[in-house]
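Here is what each chain is made of, one letter per residue.
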Amino acid sequence: MKSPELVPSQEAEKPCVLVVEDEFLVRYGISDELREAGFKVVEANNADEAWKYLTAGGRADLIFSDVQMPGTLSGIDLAHRARKEFPAIPFILTSGNADPKTIGAIAPFINKPYRTGEVISLINETLKASR
């Protein structure tokens, strides 16, 4: 049975996750799973693109970002800027080759490769803690 389509007011009520990931297949995979889990998802190819989205007034209830990406900003740079300019938006960082101890001091961190269920749980916990 096909679920009914959401009306705009229902879509607006969904938590919006800004997924920042330069690897297309990784970004597509996690974004699709987050949508399936009931989140609204906005995708950015890198931290520069995400920063432009945020400073243009784009909505994000949480930012889920890779650490290392091409461009002028890393995920860590984005986290610092977002914390300064948009302190109400919680941040989660992910990487396959960063030191979790160092990154974990900046924001919640999840190692790649990650399990989708772990990401969804961490997002829900982080959103709940930020309220």
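Provided above is the structure to which this section pertains.
Predicted model, so just to flag it, every value in this text is computed and none were measured. (Residues numbered from 1 in each chain as written. Predicted model: local features only at pLDDT ≥ 70, side-chain atom pairs only at ≥ 80, totals over all residues. Heavy atoms only, no water.)

Caption draft 1: Focus on the side chain of Ser95. Relative to the assigned elements, Ser95 resides in strand β4 (residues 91-95). There is a polar contact of 3.1 Å between the side chain of Ser95 and the backbone nitrogen of Asn97. Ignoring any residue separated from it by four or fewer positions in sequence, one finds Ser95 in contact with Asp66, Val67, Phe109, Ile110, Asn111 and Lys112. (Helix = DSSP H or I, 4+ residues; strand = E, 2+ residues; numbered from the N terminus. Polar contact = N/O pair within 3.5 Å; in protein donor to acceptor, adjacent residues only side chain to side chain. Contact = heavy atoms within 4.5 Å.)

Caption draft 2: Examining the pattern of salt bridges more closely. Using the criterion set out here, one finds 6 salt bridges in the structure. Linking Glu21 and Lys112 is a salt bridge whose minimum nitrogen-to-oxygen distance equals 2.7 Å. Linking Glu21 in the loop between β1 (16-20) and α2 (24-36) with Lys112 in the loop between β5 (109-111) and α6 (116-130), this pair joins segments that are 91 residues apart in sequence. A residue is classified by how much of its surface remains accessible, and Glu21, at 3% relative accessible area, is buried. Note that Glu43 is salt-bridged to Arg35, the shortest N-O span being 3.1 Å. When its relative accessible area of 30% is taken as the criterion, Glu43 is described as partly exposed. Look at Arg35 and you get partly exposed, because its relative accessible area is 35%. When salt bridges that share partners are traced, they join Glu21, Asp66 and Lys112 into one network. (Salt bridge = Lys/Arg side-chain N within 4 Å of Asp/Glu carboxyl O. Buried < 20%, exposed > 50% of the residue type's maximum accessible area, 1.4 Å probe, protein only.)

Caption draft 3: Representation of a nonpolar patch on the surface within the structure. Residues Phe24, Leu25 and Tyr28 make up a contiguous nonpolar surface patch of roughly 370 Å² in combined accessible area. Turning to its location among the elements, Phe24 is positioned in helix α2. You can call Phe24 partly exposed: its relative accessible area is 48%. (Patch = residues over 30% accessible without salt bridge, like charges linked within 9 Å, V, L, I, M, F, W, Y side chains within 5 Å. Areas by Shrake-Rupley, 256 points an atom, 1.4 Å probe, with all protein chains shown as cover.)

Caption draft 4: Examining the sheet that holds β5 more closely. Strands sit in the order β2-β1-β3-β4-β5 across an open sheet of 5 strands; the sheet is parallel. At either end of the open sheet lies a strand with only one pairing partner, and these are β2 (40-44) and β5. The mean inter-strand angle of the sheet, taken between neighbouring strand axes irrespective of direction, is 20°. Bridge count between strand β3 (residues 62-66) and β4: 4 bridges; the pairing is parallel. (Pairing = 2+ DSSP bridges. Axes fitted to C-alpha atoms, helices over the stretch in contact; angles between N-to-C directions.)

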